[in-house]
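# Fold and contact review
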Amino acid sequence: MKNDNMIATLYFDDMQIVGRIVRVNCGESVTPLVTVRKEYTGISESNFNDPIDFMTTVNTVLVEMVKGVSRIPATLYIGVSNQFCQVQTQSSAIAFDHVTKINRHHIETLWNEITFDTSNACIIKKKALYYKLEEYDEVLIDVLGSQTKGVEMVATALTVNQEFRQMFDINLIRRAGFMDYKFISIAACELYMIPVKVRDAGCTLVRSDFFSTSVANILGDGVTQLSHFNLGAGYLIGEIVNYFNVNYDTALQLLEECTPTFEVLLEEKYTANGKQIPASVFNKFVMGHLNDFAERLSNCETARVIYLSGGNFDRIYGATNVFANACDRTIIKCKDVLSGGETYPENTLNAMARYVVNNH
């Protein structure tokens, strides 16, 4: 087995940390070699509940994942949750005194005239979103070789804040057997679950973690805007626990059983772990919270087509349709581009591997 087609990734969300080493085959088929999954104290209100526990669990995951392979990939790719990433957008332009064929030197000059703010941030990805030539109104993905009297480039940088970056110790990562590590944005990775034609036309990627939601506007292979709000399926489950006086497992079963978009008979009940709740009351309660989420989402700037990732609202029957109707948007669940599967975080882990193949 060649080491250069093996990729090591570290994924975390609001509740779990997953380390995985995969082999990427021809056609970007991803074969998991080892997977280590650990729960930890998690994230709430965009902060780690216990940063020490987070890093201790990361170390445990790294130590266990490298035991499952005969060779350790040189680089560990760490997926950064969207609430710890920011997007900066800048533009630059060149005006020529005569019609000029654009070459690589001109593209380099455009980049040299752009300065992103790194006072409290580390750039993990830079991308030219599009170009505009003086003679045309439409935007272009590539202008190399074009002839023009002037060109403008609009570029973005994905950054991670320094507080998050400083949590990771290169010595700890090297002790596990990796030579280096790189941060990669989960938003940028999950683009690889959206068809290229849709991305080129512009769309929005909404990721629902358990306690948080991020909204990424997409153009081509770039993220143009990234916003975040603290609301997810986990908050709804917590409200069910408090309002109906049930435990967590019962609340989860009730949520998976309910059909909030259907009319139900007055005498109909939902049953879980011996608890019976009037179906009409429970549906009304759930619908109220789904509408609250849809209102928060509709206040974000989104494209007409939204792709939904994360999987945390999949357990609620009809939730996607509720969001689509309330926001007046087309909402499509993200799927693995090869298998068509909708399971998380497996889909995101596969997308992370494909991102690495295409960008590193």
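Residues numbered from 1 in each chain as written. Predicted model: local features only at pLDDT ≥ 70, side-chain atom pairs only at ≥ 80, totals over all residues. Heavy atoms only, no water.

Moving on: the overall build of the protein. Summing up its helical and strand segments, the protein has 11 helices and 17 strands in all. A compact globule built from 360 residues would reach a C-alpha radius of gyration of about 21 Å, and the protein, at 23 Å, matches this within 12%. Its C-alpha atoms put the protein at 80 × 50 × 40 Å along the principal axes. If you take every contact in the protein between residues at least 6 apart in sequence, the share linking residues at least 24 apart comes to 65%. (Helix = DSSP H or I, 4+ residues; strand = E, 2+ residues; numbered from the N terminus. Rg over C-alpha atoms; globule rule 2.2 N^0.38 Å. Contact = heavy atoms within 4.5 Å.)

Take the sheet that holds strand β8 (residues 121-133) next. One open sheet holds the three strands; their spatial order is β7-β9-β8, and the pairing between them is antiparallel. Of all strands in the sheet, those bounded by a partner on one side alone are β7 (85-101) and β8. Neighbour to neighbour, the strand axes of the sheet diverge by 20 degrees on average, direction disregarded. Of the pairings in the sheet, the one linking β8 to strand β9 (residues 147-161) comprises 11 bridges and is antiparallel in character. (Pairing = 2+ DSSP bridges. Axes fitted to C-alpha atoms, helices over the stretch in contact; angles between N-to-C directions.)

Within the fold, Thr320 resides in helix α10 (residues 319-327). Residue classification places Thr320 among the buried residues on the basis of a relative accessible area of 13%. Setting aside chain neighbours within four positions, we find Thr320 in contact with Leu308, Ile331 and Lys333. (Buried < 20%, exposed > 50% of the residue type's maximum accessible area, 1.4 Å probe, protein only.)

Formed by 66 residues in total, the largest nonpolar core has its most connected members in Leu62 and Phe168. No other element matches the seven residues that helix α1 (residues 51-66) contributes to this core. What Leu62 contacts, discounting residues up to four positions off in sequence, is Leu10, Leu76, Leu172, Ile173, Ala176 and Phe178. Core analysis: the second largest hydrophobic core is formed by 38 residues, Leu252, Tyr270, Phe282 and Ala324 among them. (Core = buried A, V, L, I, M, F, W, Y, C linked by side-chain atoms within 4.5 Å.)

With that settled, the discussion passes to the environment of Ile240. By the element assignment, Ile240 lies in helix α7 (residues 233-244). Sequence-wise, Ile240 and Val286 are 46 residues apart; in three dimensions their C-alpha atoms are separated by 8.5 Å. Among residues more than four places away in sequence, those in contact with Ile240 are Asn245, Val246, Ala251, Leu255, Phe282 and Phe285.

This paragraph deals with the pattern of salt bridges. The tally for this structure, following the rule as stated, stands at 11 salt bridges. One salt bridge connects Glu346 with Arg37, and the closest N-O pair in it is separated by 2.9 Å. Taken together, the residues Glu346 in helix α11 (residues 346-359) and Arg37 in strand β3 (residues 30-39) connect sequence positions 309 residues apart. Given a relative accessible area of 22%, Glu346 falls into the partly exposed group. Relative accessible area serves as the criterion here: at 39%, Arg37 is assigned to the partly exposed category. (Salt bridge = Lys/Arg side-chain N within 4 Å of Asp/Glu carboxyl O.)

Consecutive residues of a regular strand have side chains that alternate between opposite faces of the sheet. With respect to burial, strand β12 (residues 213-219) is a largely interior element, six of its seven residues being buried. Pairing of strand β11 (residues 203-208) with β12 involves six bridges; the strand directions are antiparallel. Paired with Arg207 across the bridge in β12 is Ser214. The turn linking β11 back onto β12 is made up of four residues.

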